[in-house]
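Structural characterization, general
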Amino acid sequence: MKMALLGLVTGIANGFFGSGGGIVAVPMLKKTGLEPKKAHACSLAITLPLSVISAVFYSFGGKLDFKSALMCIPFGLAGALIGTKLMKKISVIEEEAGKLFQEARILRMDLDTTLTKHSHEKILAAFAAGLLASMGVGGGMILIIWLTAVMGMSQIDAQGVNLIYFLPIAALSVFIHRKNGLIDLKAMLPAIIAGTVGACLGAYGARLIDTGLLGKIFSVFVIFIGIKELWGAARNK
């Protein structure tokens, strides 16, 4: 029952925001008794199939920009290769997650205009997103923030790009994490099955509301997660 609820909530977040499913899944997975590394790795095993469902729903509304996604994927894969190796050495992931979302909040609310002047920002953004996504830390949110704040893409289009971008990144990461003994796919099946329903609901809801409102809701979600991670990191010190 707990795994089914976990999957449902994760699916709704994944479909509605085009990202963020792992951020929801990781704390719930840890409450089931999984150690942090396995919780982060297993969150990818859950969100990968849910992202496929969400991407299909986004495609119905013509909200998938494959060209933009394909331009980012090679750099994301490079980041994922490094991220999966770092997972074996990092003992405390939550502290890094707190720093990540604090930076994401600042980027979203007060973007430094000099970022647009750098010719390699796309490579850096895609690489960083892949690196973080492979560790279940929320790389997708970073990519969406960059696409909307720097590239001027609409929120719904950015979420569609992230879903396509995430699929090969997550597939590679899940393969490596499973090889390293961090993922039990059978144990994740109840969450995945329930999550498909959540992903359908979330993606359908994202298509119904105005993209400007969706962007504001996404910003609130990022800020909330950032505060939550910072609070958790502070309490653990």
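Along each chain, the written sequence defines residue order, and numbers are assigned to residues from 1. Where local features are concerned, this predicted model is filtered to residues with pLDDT of at least 70; where side-chain atom pairs are given and counted, the filter is 80 or more; whole-chain, interface and lining totals use all residues. To get the side-chain values, all heavy atoms of the structure are used, and hydrogens and water are removed first.

Our next topic: the nonpolar core. By size, the foremost hydrophobic cluster in this structure holds 67 residues, and its most contacted members are Leu-29, Ile-46 and Tyr-165. Labels follow the DSSP assignment, with helices taken as runs of H or I lasting at least four residues and strands as runs of E lasting at least two, numbered in each case from the N terminus. Here the element with the most residues in this core is helix 3 (residues 36-60); it accounts for 11 residues. In this description, contact between two residues means that some pair of their heavy atoms is separated by no more than 4.5 Å. If we skip the residues at most four places from it in the chain, Ile-46 touches Leu-6, Thr-10, Leu-29, Met-188, Ala-191 and Ile-192. Residue types Ala, Val, Leu, Ile, Met, Phe, Trp, Tyr and Cys, when buried and joined through side-chain atoms within 4.5 Å, form a set referred to as a nonpolar core. A simple rule labels every residue: compare its accessible area, found with a 1.4 Å probe on the protein chains alone, to the largest value its type can have, and call it buried under 20%, exposed over 50%, or partly exposed in between.

Inspection of the secondary structure puts Leu-132 in helix 6 (residues 121-133). A sequence separation of 52 residues divides Leu-132 from Ala-80, and the C-alpha atoms of the two residues are 7.5 Å apart.

A few words on the packing of aromatic side chains. Stacked, tilted and edge-to-face are the three classes applied to pairs of Phe, Tyr and Trp rings, where Trp contributes its six-membered ring and a pair requires centres within 6.5 Å; stacked means planes under 30 degrees apart, edge-to-face means over 60, and tilted covers the rest. The final tally for this structure, using the stated rule, is 4 aromatic pairs. Here the aromatic rings of Phe-17 and Phe-218 are separated by 6.1 Å at their centres, their planes lie at 55°, and the arrangement is tilted. Taken together, the residues Phe-17 in helix 1 (residues 2-17) and Phe-218 in helix 10 (residues 211-236) connect sequence positions 201 residues apart. Phe-17 sits in the buried class, given a relative accessible area of 8%. With centroids separated by 5.7 Å and ring planes inclined at 55°, the aromatic side chains of Phe-57 and Phe-60 adopt a geometry described as tilted. Of this pair, Phe-57 and Phe-60 both sit in helix 3, separated by 3 residues, roughly a single helical turn. We classify Phe-60 as exposed; its relative accessible area is 57%.

Moving on, we come to the environment of Pro-190. Inspection of the secondary structure puts Pro-190 in helix 9 (residues 185-208). Apart from the residues lying within four places of it in its own chain, the contact partners of Pro-190 are Met-3 and Ala-4.

Any two packed helices are characterised by the angle at which their axes cross and by the distance between the axes. Contact geometry for helix 1 and helix 2 (residues 21-31): axes closest at 8 Å, N-to-C directions at 160°. By the angle class used here, helix 1 and helix 2 are roughly antiparallel. The hand of the helix 1/helix 2 crossing is right-handed. Only Gly-21, Val-24, Ala-25, Met-28 and Leu-29 of helix 2 make contact with helix 1, whose side of the interface consists of Met-3, Leu-5, Leu-6, Val-9, Thr-10, Ala-13 and Asn-14. All axes here are fitted lines through C-alpha atoms, helices being fitted over the stretch that makes contact, and every angle between N-to-C directions spans 0 to 180 degrees. We call two directions roughly parallel when the angle between them is under 35 degrees, roughly antiparallel when it is over 145, roughly perpendicular when it lies between 65 and 115, and oblique otherwise. Helix crossings are classified by the rotation of the near helix relative to the far one: an anticlockwise turn of less than a right angle makes the crossing left-handed, while a clockwise turn makes it right-handed.

Attention now goes to the confidence of the model for the chain. Each residue carries a pLDDT score, the predictor's confidence in it, ranging from 0 to 100. Averaged over every residue, the pLDDT of the chain is 84; residues scoring 70 or more account for 84%. Confidence, read as mean pLDDT per element, is least for helix 5 (residues 94-109) in the chain (49) and greatest for helix 8 (residues 155-179) (95). In this model, residues 101-119 is a region of pLDDT below 50 whose contacts with residues beyond four sequence positions or in other chains number 29 contacts.

Before going further, it helps to spend a moment on the environment of Phe-75. As for its placement among the helices and strands, Phe-75 is situated in helix 4 (residues 66-87). A C-alpha to C-alpha distance of 8.7 Å links Phe-75 and Ala-125, two positions 50 residues apart in sequence. Once you skip the residues sitting within four places of it in the chain, Phe-75 turns out to touch Ile-123, Ala-126 and Phe-127.

For the rest of this paragraph, the subject is a nonpolar patch on the surface. Residues Leu-5, Leu-8, Val-9, Ile-12, Val-197 and Leu-201 make up a contiguous nonpolar surface patch of roughly 470 Å² in combined accessible area. Counting residues per element, the ones that place at least two in the nonpolar patch are helix 1 and helix 9. Broken down by element, the nonpolar patch gets its largest block of residues, 4 residues, from helix 1. Tracing the backbone shows Leu-8 in helix 1. Judged by its relative accessible area of 30%, Leu-8 falls in the partly exposed class. Patch membership requires over 30% relative accessible area and the absence of a salt bridge. Like charges are linked within 9 Å, and nonpolar side chains (Val, Leu, Ile, Met, Phe, Trp, Tyr) within 5 Å. In these tables, accessible area is a Shrake-Rupley quantity obtained with a 1.4 Å probe, and a residue counts as shielded only by the protein chains included in the view. Take a side-chain nitrogen of Lys or Arg and a carboxyl oxygen of Asp or Glu: if they are within 4 Å of each other, that pair is a salt bridge.

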